[in-house]
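# Commentary on secondary and tertiary structure
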Number of protein chains: 4
Amino acid sequence: MTGTTDIRVRYAETDQMGRAHHRHYLVWCELGRTALMRDSGLSYAALERDGVLLPVARVEIEYRAPVFYDEVVRIHTRVERVRSRSVEFGYRLTRDEDRTTVALARITLASADTDGRPRRLPPPVRDALARLAPPERPSGEESR
Amino acid sequence: MTGTTDIRVRYAETDQMGRAHHRHYLVWCELGRTALMRDSGLSYAALERDGVLLPVARVEIEYRAPVFYDEVVRIHTRVERVRSRSVEFGYRLTRDEDRTTVALARITLASADTDGRPRRLPPPVRDALARLAPPERPSGEESR
Amino acid sequence: MTGTTDIRVRYAETDQMGRAHHRHYLVWCELGRTALMRDSGLSYAALERDGVLLPVARVEIEYRAPVFYDEVVRIHTRVERVRSRSVEFGYRLTRDEDRTTVALARITLASADTDGRPRRLPPPVRDALARLAPPERPSGEESR
Amino acid sequence: MTGTTDIRVRYAETDQMGRAHHRHYLVWCELGRTALMRDSGLSYAALERDGVLLPVARVEIEYRAPVFYDEVVRIHTRVERVRSRSVEFGYRLTRDEDRTTVALARITLASADTDGRPRRLPPPVRDALARLAPPERPSGEESR
């Protein structure tokens, strides 16, 4: 399942090159995954209140085309893989106007307790995330 | 007593007008006051660990001249007034190169407990801040 | 005329006090005024392409109550006053859930050319903004 | 050659997890590479004035340990590889206090003209960057 969230590039997100500064894409991906989780009944705000933190452990992002002030960017988010202590999301960002892919990303979140120590994802959370992931492929077949 | 802190405008702080975006001045003032407090033996990090939060309650800022990427800005900070539950800081921001005043600000912090409820400033904190403030003027005389 | 724009507090906008950091309110106000202008046929993106910059010259903001991650904040924006080289906007920010006023602000933009020098607002822009402002009061009456 | 730059985590860079939000590491890396370039006689500000833009084309970052408000982070930056139209930087971020590696990153910048079109790095820029890179390895040997 792929969730989609639209954001409009804010003036405050531009830099003097006249485009959105690259750090903001990480924030947009964060919006994409929290929206996807919310739609699946997993409120990130509620998870934190229950003592489950999901800090970002790894980011890989490829910027394909700049985006500009006031443009609408669509964030396509999906769960790529769920492990016992982490979950990996995949993202494709497109410019709404012409459907161009402007960025591709993979972001891994690690499950931690409120002291920042690794902890297993609680089973209901893990299951909810797994339901969003593509079906397991038979072993031997590469996932991408 | 006036503390001074220098910052260099970051690329990420510019916007497409080619100048530092106005929101960052609030961050620079925050650096100015935490540096002034640190120099006076008041660690803001330690205050928070002791349950004293100092959220911003009021900001007044006048932008006089733009500042640009890579320029050094000097933040002159002083305590203007200490009350039982709040403290007001005054700021003058100058461009290091030509001493131009680029902004003037007044920012009030309110003392709160960890649940966000108003609380009195602990006496040692209040005293330390008061030592940084200009001497009390006789009543009837305007403070500025 | 008052425009309203809703934003949802982003995780990236929180700070370790657990609330939205105060600088982001300036960004939200920016969203409020560009939305109001867009609704009135004034695209800020187009203005800049025509060589009219509107940098922020003054901010006054009072923070009344904290806002938290994932809360929806409604930004009520109106034009307070239009002058030949500046325009002042007034803002009321409310928490959507309980209608509490969480902040009040007044922000003045100064009209500048692409070199940052003051310039008069082009008459069509001035008129469009003036149509959004409350009617002039007879002289002698205070504006607020 | 490895450049080192120290930053102190700003309050405004924390999030409600109580650590620096992951997007800021990209800004710190930006500070690391502009400082390294400045030390080698390459002012990024001057490059842009000459019509050479270096937008970020790719980021890979691994977050190893959280960093907290007021901690000093040392950014170790080096040029990994220079190509005709791009340059790749490598980063190691360490917590100053205990020398822990808190993050590792690789960031590729693509050379572009002021319209955002790919352009070759001007030879003097390319040479200056190449002097910062490790010596070429004989072919057949892996670069890392």
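Overview of the structure. (Residues numbered from 1 in each chain as written. Chains lettered and ligands numbered in written order. Predicted model: local features only at pLDDT ≥ 70, side-chain atom pairs only at ≥ 80, totals over all residues. Heavy atoms only, no water.)

## So, the overall build of chain A
- Within chain A, the secondary structure is distributed over three helices and five strands.
- For chain A, the succession of helices and strands along the chain, N to C, is β-α-α-β-β-β-β-α.
- Here chain A has a C-alpha radius of gyration of 16 Å; the compact-globule value for 144 residues is 15 Å, and the two agree.
- Taken along the three principal axes of its C-alpha coordinates, chain A extends 45 × 40 × 25 Å.
- Within chain A, buried positions represent 58% of all 144 residues. (Helix = DSSP H or I, 4+ residues; strand = E, 2+ residues; numbered from the N terminus. Rg over C-alpha atoms; globule rule 2.2 N^0.38 Å. Buried < 20%, exposed > 50% of the residue type's maximum accessible area, 1.4 Å probe, protein only.)

## Some remarks on the relation of the copies chain C and chain A
- It takes a turn of 180 degrees to lay chain C on chain A, together with a shift of 0.0 Å along the axis; the resulting RMSD is 0.0 Å. Such a combination of turn and shift is consistent with a two-fold rotation axis. For chain C, the minimum C-alpha distance to the rotation axis belongs to I7 of chain C and amounts to 5.4 Å. (Least-squares fit on C-alpha atoms with pLDDT ≥ 70 in both.)

## Looking at the packing of aromatic side chains
- One pass over the full model with this rule turns up 24 aromatic pairs over all chains.
- Considering the side-chain rings of Y25 of chain A and W28 of chain A, the 4.8 Å spacing of their centres and the 35 degrees angle between planes classify their relative orientation as tilted. Taken together, the residues span about one helical turn, with Y25 of chain A and W28 of chain A both in helix α1 (residues 24–39) at a distance of three residues.
- What makes W28 of chain A buried here is its relative accessible area of 0%.
- Ring geometry for Y11 of chain B against Y44 of chain D: centres 5.5 Å apart, planes inclined by 70 degrees, an arrangement best described as edge-to-face. One end of the pair, Y11 of chain B, is in the loop between β1 (3–8) and α1 (24–39); the other, Y44 of chain D, is in helix α2 (residues 44–49), on a second chain.
- Through successive ring pairs, a cluster of aromatic residues spans Y11 and Y69 of chain A together with Y44 of chain C. (Phe/Tyr/Trp six-rings, centres within 6.5 Å; stacked < 30°, edge-to-face > 60°.)

## Examining the interface of chain C and chain A
- Tallying the contact residues gives 17 residues for chain C and 17 residues for chain A.
- By the criterion of area lost to chain A, the three top residues of chain C are R10, Y11 and Y69 of chain C, representing 39% of everything that side buries.
- For the pair chain C and chain A, the number of links is four salt bridges.
- Note that D70 of chain A is salt-bridged to R38 of chain C, the shortest N-O span being 2.9 Å.
- In this assembly, chain C and chain A are joined by eight residue pairs in polar contact (both at pLDDT 80 or more).
- Looking at the side of chain C that touches chain A, the elements that each hand over two or more residues are β1 (3–8), α1 (24–39) and α2 (44–49) of chain C.
- Sort the elements by how many residues they give to the side of chain C that touches chain A and α1 of chain C lands first, with six residues.
- Broken down by class, the residue content of the side of chain C that touches chain A amounts to nine nonpolar, one polar and seven charged. (Contact = heavy atoms within 4.5 Å. Buried area = accessible area lost by both parts, 1.4 Å probe. Salt bridge = Lys/Arg side-chain N within 4 Å of Asp/Glu carboxyl O. Polar contact = N/O pair within 3.5 Å; in protein donor to acceptor, adjacent residues only side chain to side chain. Nonpolar A, V, L, I, M, F, W, Y, C, P; charged D, E, K, R; others polar.)

In short, shape yes, function no, at least from these values alone.
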